[in-house]
Amino acid sequence: EEPYAPDGRTLLLSSQWYSQGAILAVDVVSGRVTPLTPVGGPAPSSYTLLAVSGDTVFASQASPVLPPRLVSASLSGGTSSVLQWTPVPGLELGMPDSVAAALSDLEARVEAVTPTVGDTTLTFESVNWVPKKRTGPLPAIILPHGGPHSAVALGWYPAFTFLASLGYVVLSPNYRGSTGFGEASLSSLPGNIGTHDVQDCMATLQQAVDAGLVDPARVAVIGGSHGGFLTGHLLGQYPDTFKAGVLRNPVCNLSLMVGISDINDWCWVETFGSEEGQRRMSGVPKPDDLKHMFEVSPIAHVEKVKAPMMFMLGAKDRRVPLQDGLQYISALRSTHGSTAGGDPPKVRVITFPEDTHALDRPQTEFEQWVNAAWWLKIHGMPGEAGL
């Protein structure tokens, strides 16, 4: 089994096509690239190449409302256009009627968003989970991805679907710097974190509000890793916009993280830009370097935070070690925020003793999202469908 079409010159591979996972045919002689799976159009989904056997190709297909399923297509007609994909008989994934009903009440949308700062020609997209049954604007959760050089594709994300099934609009912006949108977009973020990515999240929210989809008085934000970095920034830079936040192993203070993370080069490149970050990189950062790292971090805005914050931390995280989040929490608890003489924002911390950066152990996966939904509910952000 090799990843080549029968002609021996066409390589098949999985890649990202804007906000979709796609299977591409690459002619290794001419260099021509052709999508073999549908891109754009109605009911979009993502595909991942699994195997090529003779003139049959097998793949996994999924979308925000479709759990992964095995599909196949014939290569007998060549690789010059999209193939005809069909589910493999007898392998359909069954599900309880209640789950099927919940999925039928949701729709997935991909919305193009125009940036408001920097190079505004670098349009990005937001993948949105939207309840179909609505009579007006709904409460919303902005859920930016981590990385930052990754993306939320049109795939199966059980946690996002769970939140949408509670009656939230889930907005997941593939802000500039995400994969799938070309080199110019990808390379525009290093040196601009804490500004461009933050503003792209706000542009995504504003567009949904302007469309009448989201109630601006009922918005929360949840994110992990760099998504947690953005959650901290959004709560600090826009303290009157968000009702609550949930941060999962968040990057809170780059000037601390650079000395304790297993990817300290990431701190340099994302803070200063690819070339300048490599030029400045040192095992002993200079005071000016640490100052700038602090300035682009969420902790620089900690005194302005008003919204209740829940932290979920992995005790064995070496990427964004526990101390990063704990330092931010200490700073948050010691400040009176923007209300002189008042109490600091409410904080709850859940530490998972056996988890690393991903927080993806099965029990952890379950506990964190149930707790996240509970946190939003008790702080004035219940979903329209209840919990």
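For the structure itself, look to the data block above.
We now turn to the structure provided with this report. Within each chain, residues carry numbers counting from 1 in the order of the written sequence. With the structure being a predicted model, the display of local features is reserved for residues of pLDDT at least 70 and the display and counting of side-chain atom pairs for 80 or more, all residues being used for whole-chain, interface and lining totals. No hydrogens and no water enter the side-chain calculation; it runs on all heavy atoms of the structure.

### Looking at helix 10 (residues 322-334)
Heads up, the condition is: Only DSSP runs of H or I covering at least 4 residues are called helices, and only runs of E covering at least 2 are called strands; the numbering of each starts at the N terminus. Expected helix span is given by 1.5 Å per residue-to-residue step, counting one fewer step than there are residues. Only protein chains enter the calculation, and the probe is 1.4 Å; a residue is then buried if its accessible area is under 20% of its type maximum, exposed if over 50%, and partly exposed in between. The arc in question is formed by the directions pointing from the helix axis toward the C-beta atoms. Contacts are assigned to residue pairs that have any heavy atoms within 4.5 Å of one another.
Taking 1.5 Å per residue as the helical rise, helix 10 with its 13 residues ought to reach 18 Å, and the 19 Å between its terminal C-alpha atoms agrees with that figure. Three or more residues of helix 10 are buried, namely Asp-324, Gly-325, Tyr-328, Ile-329 and Leu-332. Across the axial projection of helix 10, the buried residues extend over an arc of 130°, all falling on one side. Where helix 10 is buried, its residues meet helix 5 (226-237), helix 6 (254-257), strand 14 (309-314) and strand 15 (347-352).

### Some thoughts on the nonpolar core
Defined as follows: Within this scheme, the nonpolar core is defined by two criteria: the residues are buried Ala, Val, Leu, Ile, Met, Phe, Trp, Tyr or Cys, and they are joined through side-chain atoms within 4.5 Å.
Judged by nonpolar contacts, the single largest core of 48 residues is most densely connected at Leu-205, Val-214, Phe-242, Leu-254, Phe-311 and Tyr-328. Setting aside chain neighbours within four positions, we find Leu-254 in contact with Ile-193, Phe-229, Trp-266, Cys-267, Thr-271, Met-293, Val-296 and Ser-297. Counting residues in hydrophobic clusters, the runner-up holds 29 residues, among them Leu-106, Ile-141, Ala-159 and Phe-352.

### Comments concerning unusual backbone geometry
Put simply, Gly-147 and Pro-148 share a cis peptide bond, and its omega is 0°. On the secondary structure map, Pro-148 appears in the loop between strand 10 (138-142) and helix 2 (158-165). You will see that Ser-225, though not glycine, has its phi angle at about 60°, which is positive. Relative to the assigned elements, Ser-225 resides in the loop between strand 12 (214-224) and helix 5. Although it is not a glycine, Leu-359 sits at a positive phi angle of roughly 50°. As for its position among the elements, Leu-359 is in the loop between strand 15 and helix 11 (362-378).

### Section: the packing of helix 4 (residues 196-210) against helix 5
Packed helix pairs are specified by the crossing angle of their axes together with the interaxial distance, meaning the distance between the axes. For clarity, the threshold we go by: A fitted line through C-alpha atoms serves as each axis, taken over the contacting stretch for helices, and the angle formed by two N-to-C directions is quoted from 0 to 180°. The scheme is simple: roughly parallel for angles under 35 degrees, roughly antiparallel for over 145, roughly perpendicular for 65 to 115, oblique for anything else. Three categories are distinguished: nonpolar for Ala, Val, Leu, Ile, Met, Phe, Trp, Tyr, Cys and Pro, charged for Asp, Glu, Lys and Arg, and polar for the others, with Gly belonging to the last.
Here helix 4 crosses helix 5 at 75°, and the two axes come no closer than 10 Å. The angle between the axes of helix 4 and helix 5 places the two elements in the roughly perpendicular class. Seen from helix 4, the contacting residues are Asp-197, Val-198, Gln-199, Cys-201 and Met-202; seen from helix 5, they are His-226, Phe-229, Leu-230, His-233, Leu-234 and Gln-237. The residue inventory of the contact of helix 4 with helix 5, partitioned by class, reads six nonpolar, four polar and one charged.

### Digging into the sheet that holds strand 5 (residues 56-63)
Either a parallel or an antiparallel arrangement is found when strands of a sheet pair, and the pairing is made through backbone hydrogen bonds. Put simply, the test is: At least two DSSP bridges between two strands are needed for those strands to be called paired.
Read across the sheet, four strands follow the order 4-5-6-7 without closing on themselves; strand pairing throughout is antiparallel. The outermost strands of the open sheet, each flanked by one partner alone, are strand 4 (46-53) and strand 7 (86-87). Pairing geometry for strand 5 and strand 6 (residues 66-74), over seven bridges, is antiparallel. Directly across from Phe-58, in strand 6, lies its bridge partner Ser-72.

### Points about the sheet that holds strand 9 (residues 124-131)
One open sheet accounts for eight strands, arranged 8-9-11-10-12-13-14-15; its pairing is mixed. The outermost strands of the open sheet, each flanked by one partner alone, are strand 8 (106-113) and strand 15. Here the average twist between neighbouring strands, direction ignored, is 20°. With three bridges joining them, strand 10 and strand 11 (residues 169-174) adopt parallel strand pairing. The partner of Ile-141 across the bridge, within strand 11, is Val-170. Of the strands in this sheet, strand 12, strand 13 (244-248) and strand 14 are in contact with helix 5, which crosses strand 12 at around 140°.

### Examining the packing of helix 7 (residues 264-272) against helix 9 (residues 287-295)
Between helix 7 and helix 9, the least distance of the axes is 10 Å, while the angle of their chain directions is 75°. As judged from the angle between their axes, helix 7 and helix 9 are roughly perpendicular. Between helix 7, through Cys-267, Trp-268, Thr-271 and Phe-272, and helix 9, the contact on the second element is made entirely by Asp-289, His-292 and Met-293. Residues belonging to the contact of helix 7 with helix 9 are distributed by class as follows: four nonpolar, two polar and one charged.

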